[in-house]
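Coordinate inspection notes
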Amino acid sequence: MLLPWSAVVLAGGRGARLDGADKAGLEVGGRTLLARTLDAVADAREVVVVGDPVPTERPVTFTRESPRYDGPAAGLLTGVDALPDAPDYVAVLAVDMPRLTMTTLRRLTEAAQGDGAVLVGPDGRRQLALVVSTARLREIRPDHEHQHGLALWRLLEPLDLVEVPALGEEHRDVDTWADLRDLG
């Protein structure tokens, strides 16, 4: 894929399995999950974080999906809408994947032909780390009244995403306190 590309970081969830804790502010190895995610997208031209504003080491745009907590599909669409310029491709990452790196994103962007590419864990499951064509996303985007509660994988179902196998632990995420402990 040709640069430049932009990124949308999904950081606006409820953290229900973490007793409502803000995942973006949790730390692994002395760095917050948000800081680690922003490190992974350091090559991005623009970064939008869908979540509550917090201080960051690099300039980013913060926004919230409406209605709030409407899920990753709403976050993705809201984040893309908040990008100042529509890039050819947008990287979409969950904030709770602390083992993602710039190398992971380079592999995804290099694999993104046509519709895009998605990281796949060792169990064959697609992870919330992908690079998507913004033109194709516009083509499949439902109208506003059909976006509420839409599941991310249902939204992306029409896309032909190249599957990129995860290396090491880059597919691991933090959904529970045990996940955080094990990644720490």
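The structure we're discussing is the one just above.
What this report covers is the structure whose coordinates are included nearby.

Points about the pairing of strand β6 (residues 89-94)
Within β6, 6 of the 6 residues are buried, which leaves it mostly tucked inside the rest of the structure. Side chains Tyr89, Ala91 and Leu93 project from β6 onto one buried face, and the interleaved Val90, Val92 and Ala94 project onto a second face that is buried too. Bridging between strand β1 (residues 6-10) and β6 involves 5 bridges; their strand directions are parallel. Paired with Val8 across the two strands is Val92, which belongs to β6. In the sheet, β6 pairs with strand β8 (residues 126-133) via 5 bridges, with the strands oriented antiparallel. Along β8, the bridge assignment pairs Leu93 with Ala129.

Re the side chain of Glu170
By secondary structure assignment, the location of Glu170 is in the loop between β9 (162-165) and α6 (177-183). The residues contacting Glu170, other than those within four sequence positions of it, are Met97, Arg99, Leu100, Thr104, Arg107, Leu119 and Pro165.

Comments concerning the pattern of salt bridges
Counted according to the given criterion, the structure contains 13 salt bridges. One salt bridge connects Arg107 with Glu170, and the closest N-O pair in it is separated by 2.8 Å. Within this pair, whereas Arg107 is found in helix α3 (residues 102-111), its partner Glu170 is found in the loop between β9 and α6, the two being separated by 63 residues in sequence. Like Arg107, the residue Glu170 is buried in the burial classification. Among the salt bridges present, the one from Arg126 reaches Glu163, with a minimum N-O distance of 3.1 Å.

Cut-offs used in this document
Residues numbered from 1 in each chain as written. Predicted model: local features only at pLDDT ≥ 70, side-chain atom pairs only at ≥ 80, totals over all residues. Heavy atoms only, no water. Buried < 20%, exposed > 50% of the residue type's maximum accessible area, 1.4 Å probe, protein only. Helix = DSSP H or I, 4+ residues; strand = E, 2+ residues; numbered from the N terminus. Pairing = 2+ DSSP bridges. Contact = heavy atoms within 4.5 Å. Salt bridge = Lys/Arg side-chain N within 4 Å of Asp/Glu carboxyl O.

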